[in-house]
Number of protein chains: 4
Amino acid sequence: MRLKFGMVGGGNGAFIGNVHRHGALMDDLAELVSGCFSRTMEKNLETAQKWGISDSARVYGDYREMAEKEAKRDDGIDFVSITTPNDTHYPIAKCFLEHGIPVMCDKPLALTVKEGEELSALAKEKGLLFGVTYTYTGYAMVKQAREMIDAGVIGNILTISAEYPQEWLLVQMVSGRSDQAVWRMDPARSGPSGCCADIGTHVECLIKKMTGLSVKKVLANFEKLPKEKELPLENNVQILCRFDNDISGMIWTSQVAIGHETDLLIRIFGDKGAIEWQHREPGVLRVTKINEAPQIYTPTRDYDSESCRSLSRLPSGHPEGFFEAFGNLYRGFCSELLKEKYGVDVGSFDYPTVDDGVHGLKFIDACIESNAKGNVWVEL
Amino acid sequence: MRLKFGMVGGGNGAFIGNVHRHGALMDDLAELVSGCFSRTMEKNLETAQKWGISDSARVYGDYREMAEKEAKRDDGIDFVSITTPNDTHYPIAKCFLEHGIPVMCDKPLALTVKEGEELSALAKEKGLLFGVTYTYTGYAMVKQAREMIDAGVIGNILTISAEYPQEWLLVQMVSGRSDQAVWRMDPARSGPSGCCADIGTHVECLIKKMTGLSVKKVLANFEKLPKEKELPLENNVQILCRFDNDISGMIWTSQVAIGHETDLLIRIFGDKGAIEWQHREPGVLRVTKINEAPQIYTPTRDYDSESCRSLSRLPSGHPEGFFEAFGNLYRGFCSELLKEKYGVDVGSFDYPTVDDGVHGLKFIDACIESNAKGNVWVEL
Amino acid sequence: MRLKFGMVGGGNGAFIGNVHRHGALMDDLAELVSGCFSRTMEKNLETAQKWGISDSARVYGDYREMAEKEAKRDDGIDFVSITTPNDTHYPIAKCFLEHGIPVMCDKPLALTVKEGEELSALAKEKGLLFGVTYTYTGYAMVKQAREMIDAGVIGNILTISAEYPQEWLLVQMVSGRSDQAVWRMDPARSGPSGCCADIGTHVECLIKKMTGLSVKKVLANFEKLPKEKELPLENNVQILCRFDNDISGMIWTSQVAIGHETDLLIRIFGDKGAIEWQHREPGVLRVTKINEAPQIYTPTRDYDSESCRSLSRLPSGHPEGFFEAFGNLYRGFCSELLKEKYGVDVGSFDYPTVDDGVHGLKFIDACIESNAKGNVWVEL
Amino acid sequence: MRLKFGMVGGGNGAFIGNVHRHGALMDDLAELVSGCFSRTMEKNLETAQKWGISDSARVYGDYREMAEKEAKRDDGIDFVSITTPNDTHYPIAKCFLEHGIPVMCDKPLALTVKEGEELSALAKEKGLLFGVTYTYTGYAMVKQAREMIDAGVIGNILTISAEYPQEWLLVQMVSGRSDQAVWRMDPARSGPSGCCADIGTHVECLIKKMTGLSVKKVLANFEKLPKEKELPLENNVQILCRFDNDISGMIWTSQVAIGHETDLLIRIFGDKGAIEWQHREPGVLRVTKINEAPQIYTPTRDYDSESCRSLSRLPSGHPEGFFEAFGNLYRGFCSELLKEKYGVDVGSFDYPTVDDGVHGLKFIDACIESNAKGNVWVEL
């Protein structure tokens, strides 16, 4: 049994649309049957043809039309994937929810907490699934970390250190290329935060999924570097934070950190051990039990939890990456939808939902406020 | 424009069949329309349904029937993927070639040089493309290595050190599980060599693709470890070799090397520099120019060659893995087929062919002979 | 020509005294001729004998007596090394300065800024050299980093990320051992700060030596973990800081970070590149020039600066460590003393002085104040 | 109680002499009182003064004179360190033995097996200690490896993979510098083998000390690279070998492997686990127990053996290096001498002896013969 889904966005070679598509198709739980990929119908059809959508009647020039018509079809889409720029997530998601169609949305969920909460309320009111693709939460070893933490391997958590340095923005500024820099540095399209919204929220959500801990308050500092450029949005962010139980944390994210591509690193320190994961080697978990030698866990092994093992598609030592992490998120979303809508049980897998998305927006808001007030503590 | 292809093998959850499928689908250059996946029609249809083959008439209980019927259809498959156990590659490939259908075959191409050469001759006689999926040759940084070597970055090659240690066979023996161990240790199904044929040939082909150098002679030593087990096939192989221009090399492959999952490592030493690549971090190339500090190359960067960059589907720092390496091989094969058969140009990408497969078989034969004769030099 | 020196502290097998001794002896610029190593004369003489001090008349039961008598001798010590617990640095250093004897003191210089400033003033008034052994500043690759930064390799510095996680305190608490934990957790002996004073100052000084930048203000957060233990001094410290030119930084130091022994890591990000150094591999400097592949610099190479090369005693690839870093500090101190006092020129090498020590004390004070006031910005 | 020793060689800034000196002095078990450091008396005295030898009567222009006179003194040296070029080890060692003076000799022991056996016989006849400084055997984690292997942690050893690639010779050839290249490439001074004698023997001895296994036969291949240079001695060596119990091994050593400074790597694979050590990070031991996650052992930890812990002088995480490895060899030699000659017990530590040195010479001889005969098996 395969779910039918449509996509809004993803045309013109946007890489993230293709990542969503492959993620959804990976485990044969869904097939792409409809879409509104670009602003022009011509490009729309081009993408549809390339991606094997046979029925051009299900290729739409406008997402509202798509939501309306698909909702009316007997064989209408089971869900929609939203992969458009950030400023459009809210109206598009709202429209599909209103037509009774579940949503899988790229992060951030929306530009403001108010928008996010509206979407959350609407999804609940309608009883519709709503997932948000915080990619990094989909890696197998992230799941393994969570299982070990829940099992008490590292004891009570004492403190958390996390960072996500990137270099691309500075590289693009210097090399004169624009690429993503244009819209990511445009507050009208990205919202009132740059780096914090773009990657800080990835860190916040990943910590939550790895540990079960939510950020409760923050003390944040934003910078626009190099200062002489007078940039519109911050690209270097330092955050002190407090999680549940007053557990401390420290987060650094940057888009101007030369030498770092997407070096997300999360380290969880407990009173009996520590667990560390970094995106550069996603198939590695560094686990230290107190007074023992650090261990290098890898996926698919007997010592891994069953949940972790179920998230790998290849034998040990065969690298899986970003596509597969996305695939795991879609597996979670599709599995729940299959069970709920069709009574088909293909297992159960965790994935970030609209509420995780709302919390991410609150996190951004609190950071903005803390920075604006001169680096003071702000509660979420 | 998408090619139509069929698959022989891949049923019953065999992972490699699914890897072939995803590899072929990844860039929308092909779609799966036919197959003979398993030995029973029931499982065949199950796989067909799971993989979205709508026309059950194109699901066959026998590969011979499949070759015959597909060859007769106006919309017959453009090529076949062969993902069955090693002992069946030869008859299946031969059958499809005889019916005029191009072949993409898992490695090894066949069990004997004679079989391989027959396939090669047949493909040439019929004018049919024939690819062999030596996976590791598909990684972007392997291509980057080749481009840099061809450009003289490391000067003249002096010596090569390569290894491919794995631990799985010993782990399975000890843990009492069989999994792959059964057929891989069965000479009737794997052929007269175990470790050398299974992974030694990967090393041999990867060196060829990274450097352009072919093995000319070998001095090999085979071991069946632990000795007291009296195993049927070797699982630890040490090889001294000579490449073109009498360049020396050393290869170690093992299936009993605890602590190593699939740790293929190739190091090419020249008189002006060195290049090293290991599978554990496939997105990293270690490049040293003489008397300079070693450098860590990654994919998609401005400093990479255009060919290398074209083999990545994600922005810098987003890990790609085994699936994508397979995708790159299928991209090469499908691109050539699209151009040749339909005049559609989607670029040109290198991939291993039947002749690489034949050379691999000669390499195995020479190693077997060298070992049998007491570790003497044997020419290919 | 060799300087004569004495040592206060270092008896009873205290490791740091022996490190000072080897550091001073390493390059044959000094010899140990006097000492007051322990509280009892018996142990004093034991150490003296072990360390080859032939004249027992120069082994003293009291440092005041030592200062007085050595000052009167014609062949009196050229300098004294102070390696006692933190609370005694100030009176001992003061005493030797008052007797006209230059001082090489373990860090921290003193327990309060006031004490430190008094020592600084006294040293200047007397015209005496006063070094402070911030060990990590002595590594060859730290010098290389400074030279490259000064040469503009990474452009203008944008931000700095530094950390120094250790695990020993938690390990000792859990294992029931005391060792160093006792006095390091005793405010009477360690001063009003634990982790910040012990290792935070190492980070602060190392950044200064690597970049030339001084901390101007801090926002600090102290924690005593695990909270239920109700410990006397903080052992986990998070600091936001501002250096000269309002350059931002982030420092994390911890003594309860399982999995980390002495993992000091400093990363300097500029608008043209970045330089990273970590203590775990002290002979490696990771250098990235914008849009180029990261490079791995090692000591003694042609591409290193002359200053860097002069700080290694072994050919490339032969690991040097903590002892040699100390040796480099002593080389700097002794070289200056040899030139100043005896007109002997053996080169010139940088080392941290009393003023670096005073700045370190101000840094601690500001962090304590910031934490006490609820994590607000405090100027140094 | 400190032993008195003298040194032959070490003048003119030769680094290895200074390493011997520091190694001998490190633990206060010996003091340098005599020497014949260089060929001219002037330089001799210069070194003596620099190194603090107060009695110039014990500085000799000729090693024979030194042996004779020191043997006659009541306070004559307890042992001699020989740190001269390879071709002089034999006559010097022989001379001191004949005068009843124990010897600590740099490796290789001599140029031929015959010479080595003569020294061994003479030492035994005279009842004199004779150590050979195979440096790498002195590292703490090498000792830890041996203890774990002896304790059965990795089970029965199946195979060994070792390598020691260096780049210096090619770097020096290309950069036009001579430095060490001159005498190391001169058969008259280095003996009939270059790379195999210089670093191959280090590998051979290290394997013996780590595992207890001796090489029984070899199949070796020598190369002089680049071939067009027509060099006098081999600089790239590939060896297949058999240890006790017919255990297989593979050794690669090179002096022309760009990108590698002194990258000695030893990997021991057993049927229950594996242990790996590399010189680049000497304080790390990678230990994998079958079907468990690999572990990273470091020195001084509770989980280390007492023998391992006794070989570190610093707390955990403080890097020790090459000097300290030498110090451990001298600690072993001096401890035995102190006990034997003076009844002073400061513990017992393993170190390589003249018999290890003889075995190393046999290893070189067998490799030379195997290569000369066209890569055939030759027994030691």
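The preceding data block contains the structure.
None of the values given here were measured: they were computed from a predicted structure.

1. Describing the side chain of Glu320(D)
Along the chain, the position of Glu320(D) falls in the loop between helix H11 (306-310) and helix H12 (322-342). Each residue touching Glu320(D), except ones within four places of it in the same chain, is listed here: Phe323(C), Pro282(D), Leu311(D), Ser312(D), Arg313(D) and Leu314(D).

2. As for the packing of aromatic side chains
Between two aromatic rings, the relevant description is the distance of the centres plus the angle of the planes. Counting across every chain of the model gives 48 aromatic pairs over all chains. Between Tyr136(A) and Tyr164(A), the ring centres sit 5.7 Å apart and the planes meet at 90 degrees, which makes this aromatic pair edge-to-face. A residue pair is termed long-range when its members are at least 10 positions apart, and Tyr136(A) in the loop between strand S5 (130-133) and helix H6 (140-150) and Tyr164(A) in strand S6 (residues 157-165) qualify at 28 residues. Centre to centre, the rings of Phe333(D) and Tyr351(D) are 5.7 Å apart; their planes meet at 85 degrees, and the pair counts as edge-to-face. Taken together, the residues Phe333(D) in helix H12 and Tyr351(D) in the loop between H12 and helix H13 (354-372) connect sequence positions 18 residues apart. Overall, Phe333(D) belongs to the buried group, its relative accessible area being 0%. A connected cluster of aromatic rings, assembled from ring pairs, spans Phe5(A), Phe79(A), Tyr136(A), Tyr164(A), Phe322(A), Phe326(A), Tyr330(A), Phe333(A) and Tyr351(A). In this structure, Arg64(A) is placed above the aromatic ring of Tyr63(A), and the distance from its NZ or CZ to the ring centre is 4.6 Å. The ring of Trp377(A) carries the charged tip of Lys217(A) above its face, separated from the ring centre by 5.2 Å.

3. Some points on the interface of chain A and chain D
At the interface, 10 residues of chain A touch 10 residues of chain D. For the chain A and chain D pair, buried surface summed over both sides reaches about 960 Å², with 46% attributable to carbon and sulfur atoms. Scanning the region where chain A abuts chain D turns up zero salt bridges. Counting the contacts that link chain A with chain D gives eight residue pairs in polar contact (both at pLDDT 80 or more). A class-by-class count of the residues in the side of chain A that touches chain D yields five nonpolar, two polar and three charged.

4. Details of the sheet that holds S5(A)
Residue and element names in this part refer to chain A. With respect to topology, five strands assemble into an open sheet ordered S2-S1-S3-S4-S5, the strand pairing being parallel. Across the chains shown, the open sheet's two edge strands, defined by having one partner strand only, are strand S2 (30-36) and S5. Here the strands of the sheet are splayed against their neighbours by 25 degrees on average, with no regard to which way each runs. Both strand S3 (residues 79-82) and strand S4 (residues 103-106) contribute to a ladder of three bridges, which runs parallel.

5. Here we look at the environment of Tyr342(C)
Residue and element names in this part refer to chain C. Its location among the elements puts Tyr342 in helix H12 (residues 322-342). Counting along the chain gives 126 residues from Tyr342 to Lys216, while the straight-line C-alpha distance between them is 38 Å. In contact with Tyr342, other than residues within four places in its own chain, are Met1, Leu3, Asp78 and Leu337. Looking at Tyr342, its side chain comes within polar contact range of the side chain of Asp78, at 2.5 Å.

6. Brief notes about the relation of the copies chain A and chain C
The transform that puts chain A on chain C rotates by 180 degrees and translates by 0.0 Å along the axis, for an RMSD of 0.0 Å. Each copy turns onto its partner about a two-fold axis. Relative to the rotation axis, the closest C-alpha in chain A is found at Val376(A), a distance of 3.7 Å. Comparing interface residues between copies, 100% of those in chain A also sit at the interface in chain C, which points to an isologous, same-surface contact.

7. Here's the deal with the interface of chain A and chain C
At the junction of the two partners, chain A supplies 48 residues and chain C supplies 48 residues. Each partner contributes to the roughly 3600 Å² buried at the junction of chain A and chain C, and carbon and sulfur atoms together form 58% of this total. For the pair chain A and chain C, the number of links is four salt bridges. For Asp246(C), the salt bridge identified is with Lys227(A), shortest N-O distance 3.4 Å. Where chain A touches chain C, the interface holds 16 residue pairs in polar contact (both at pLDDT 80 or more). Breaking the side of chain A that touches chain C down by element, the ones donating at least two residues are S6, helix H7 (168-175), strand S7 (215-223), strand S8 (236-243), strand S9 (248-254), strand S10 (265-270), strand S11 (273-278) and strand S12 (285-289) of chain A. Tallied by class, the residues present in the side of chain A that touches chain C amount to 20 nonpolar, 16 polar and 12 charged.

8. Thoughts on the relation of the copies chain A and chain D
Superposition record for chain A on chain D: RMSD 0.0 Å, screw rotation 180 degrees, translation along axis 0.0 Å. Interface overlap between copies: 100% of the residues of chain A at the interface are likewise at the interface in chain D, consistent with a symmetric, same-surface contact.

9. Concerning helix H2 (residues 41-50) of chain B
Because each turn of an α-helix spans 3.6 residues, side chains separated by three or four positions in sequence point in the same direction. Residue and element names in this part refer to chain B. Burial in H2 covers these residues: Asn44, Thr47 and Ala48. The arc that holds every buried residue of H2, seen down its axis, measures 100 degrees, which confines them to one face. For H2, exposure combined with an orientation more than 90 degrees from the buried face picks out Glu42 and Gln49. Contacts from the buried residues of H2 go to strand S2 (30-36). Downstream of H2 by one or two residues, Gly52 has phi in the positive range, about 75 degrees.

10. Notes on helix H6 (residues 140-150) of chain D
Within the sequence span of H6(D), burial applies to Ala140(D), Met141(D), Val142(D), Gln144(D), Ala145(D), Met148(D) and Ile149(D). The positive-phi residue at the C-terminal boundary of H6(D) is Gly152(D), with phi of around 85 degrees.

11. Re the side chain of Arg286(C)
Mapped onto the elements of the fold, Arg286(C) is located in strand S12 (residues 285-289). Overall, Arg286(C) belongs to the buried group, its relative accessible area being 17%. Contacts of Arg286(C), omitting those with residues within four sequence positions, involve Gly259(A), His260(A), Arg280(A), Ala274(C), Ile275(C), Glu276(C), Pro294(C), Gln295(C) and Ile296(C).

12. Overview of the packing of helix H5 (residues 113-126) of chain D against H13(D)
Residue and element names in this part refer to chain D. Where H5 contacts H13, the two axes come as close as 9 Å, and the packing angle between them is 165 degrees. The angle between H5 and H13 falls in the class roughly antiparallel. When the axes of H5 and H13 are compared, the crossing they make is left-handed. Contacts between H5 and H13 involve Val113, Gly116, Glu117, Leu119, Ser120 and Lys124 from the former and Val354, Asp355, Val358, Leu361, Lys362 and Asp365 from the latter. For the contact of H5 with H13, the residue count by class is five nonpolar, two polar and five charged.

13. Here we look at the sheet that holds S2(B)
All names here are of chain B. Across the sheet, which stays open at both edges, the five strands sit in the order S2-S1-S3-S4-S5 with parallel pairing between neighbours. Each edge of the open sheet is held by one strand with a lone partner, namely S2 and strand S5 (130-133). Sheet twist, expressed as the average angle between the axes of neighbouring strands with direction ignored, equals 25 degrees. Pairing between strand S1 (residues 3-8) and strand S3 (residues 79-82): four bridges, direction parallel. Paired with Val8 across the two strands is Ile82, which belongs to S3.

14. A look at unusual backbone geometry
Of note, the amide linkage connecting Lys107(A) to Pro108(A) takes the cis form, showing an omega dihedral of -5 degrees. Positionally, Pro108(A) belongs in the loop between S4 and helix H5 (113-126). With an omega of -10 degrees, the peptide bond running from Leu225(B) to Pro226(B) counts as cis. Counting through the fold element by element, Pro226(B) comes out in the loop between strand S7 (215-223) and strand S8 (236-243). The phi dihedral of Asp246(A) falls on the positive side, at around 60 degrees, and the residue is not glycine. By the element assignment, Asp246(A) lies in the loop between S8 and S9. For Asp246(A), a relative accessible area of 40% gives the class partly exposed. For Thr300(D), which is not a glycine, the phi torsion comes out positive at approximately 70 degrees.

15. Quick look at the environment of Leu128(B)
By secondary structure assignment, the location of Leu128(B) is in the loop between helix H5 (113-126) and S5. With sequence-adjacent residues up to four places away left out, Leu128(B) is seen in contact with Leu97(B), Gly100(B), Ile101(B), Pro102(B) and Ala123(B).

16. A few points about the packing of helix H1 (residues 15-25) of chain A against helix H12 (residues 322-342) of chain A
All names here are of chain A. Two elements in contact, H1 and H12, have axes separated by 7 Å at closest approach and are oriented at 60 degrees. One element, H1, and the other, H12, form an angle in the oblique class. For the pair H1 and H12, the crossing hand works out as right-handed. Only Phe322, Phe323, Phe326, Gly327 and Tyr330 of H12 make contact with H1, whose side of the interface consists of Phe15, Ile16, Asn18, Val19, His20, His22, Gly23 and Ala24. Tallied by class, the residues present in the contact of H1 with H12 amount to eight nonpolar, five polar and no charged.

17. Details of the pattern of salt bridges
Residues and elements named next belong to chain C. By the definition in use, this model includes 125 salt bridges over all chains. Among the ionic pairs, Arg73 bridges to Asp75, the shortest N-O distance being 2.7 Å. Classification of Arg73 as partly exposed rests on a relative accessible area of 29%. Residue classification places Asp75 among the partly exposed positions, given a relative accessible area of 32%. Among the salt bridges present, the one from Glu369 reaches Lys373, with a minimum N-O distance of 2.6 Å. In this structure Lys373 comes out as exposed when scored by relative accessible area, which is 53%. Residues joined in a network through salt bridges with shared partners are Asp55, Arg58, Glu70, Arg73 and Asp75.

Conventions adopted
Residue positions are given per chain, counting from 1 as you read along its sequence in written order. Following the order in which they are written, the chains are lettered starting with A and the ligands numbered starting with 1. This being a predicted model, a pLDDT of at least 70 is required before a residue's local features are given, and a value of 80 or more before pairs of side-chain atoms are given or counted; all residues contribute to the totals for chains, interfaces and linings. Excluded from the side-chain calculation are hydrogens and water; included are all heavy atoms of the structure. Comment: elements are numbered from the N terminus, with helices defined as DSSP H or I runs of at least four residues and strands as E runs of at least two. Throughout, a residue-residue contact means that at least one pair of heavy atoms, one from each residue, lies within 4.5 Å. In this scheme Phe, Tyr and Trp rings, the latter by its six-membered ring, pair at centre separations within 6.5 Å, and the angle between planes marks the pair as stacked below 30 degrees, edge-to-face above 60, and tilted otherwise. Classification of residues uses two cut-offs on accessible area relative to the type maximum, computed with a 1.4 Å probe and protein chains only: under 20% is buried, over 50% is exposed, and between them is partly exposed. Whether a charge sits over a ring comes down to the Lys NZ or Arg CZ being within 6 Å of the ring centre and within 35 degrees of the ring normal. Here's the idea: put two parts together, see how much 1.4 Å probe accessible area each one loses, and the total over both is what we call buried area. We count a salt bridge whenever a side-chain nitrogen from Lys or Arg sits within 4 Å of a carboxyl oxygen from Asp or Glu. The term polar contact refers here to a pair of N or O atoms within 3.5 Å; inside protein, the definition further demands a hydrogen-donor-capable atom paired with an acceptor-capable atom, and it admits residues adjacent in sequence only when both atoms are side-chain atoms. The nonpolar class holds Ala, Val, Leu, Ile, Met, Phe, Trp, Tyr, Cys and Pro. Asp, Glu, Lys and Arg form the charged class, and all remaining residues, Gly among them, are polar. In this scheme, strands are said to pair when DSSP sees at least two bridges between them. A fitted line through C-alpha atoms serves as each axis, taken over the contacting stretch for helices, and the angle formed by two N-to-C directions is quoted from 0 to 180°. Copies overlap after least-squares fitting; the atoms used are the C-alpha atoms of residues with pLDDT of at least 70 in both. It is the directions from the helix axis to the C-beta atoms that the arc portrays. These descriptions rest on fixed angle ranges, namely under 35 degrees for roughly parallel, over 145 for roughly antiparallel, 65 to 115 for roughly perpendicular, and the rest for oblique. Two helices cross in a left-handed way if the nearer one is turned anticlockwise from the farther one by less than a right angle. They cross in a right-handed way if the turn is clockwise.

Geometric values such as these leave the question of function open.
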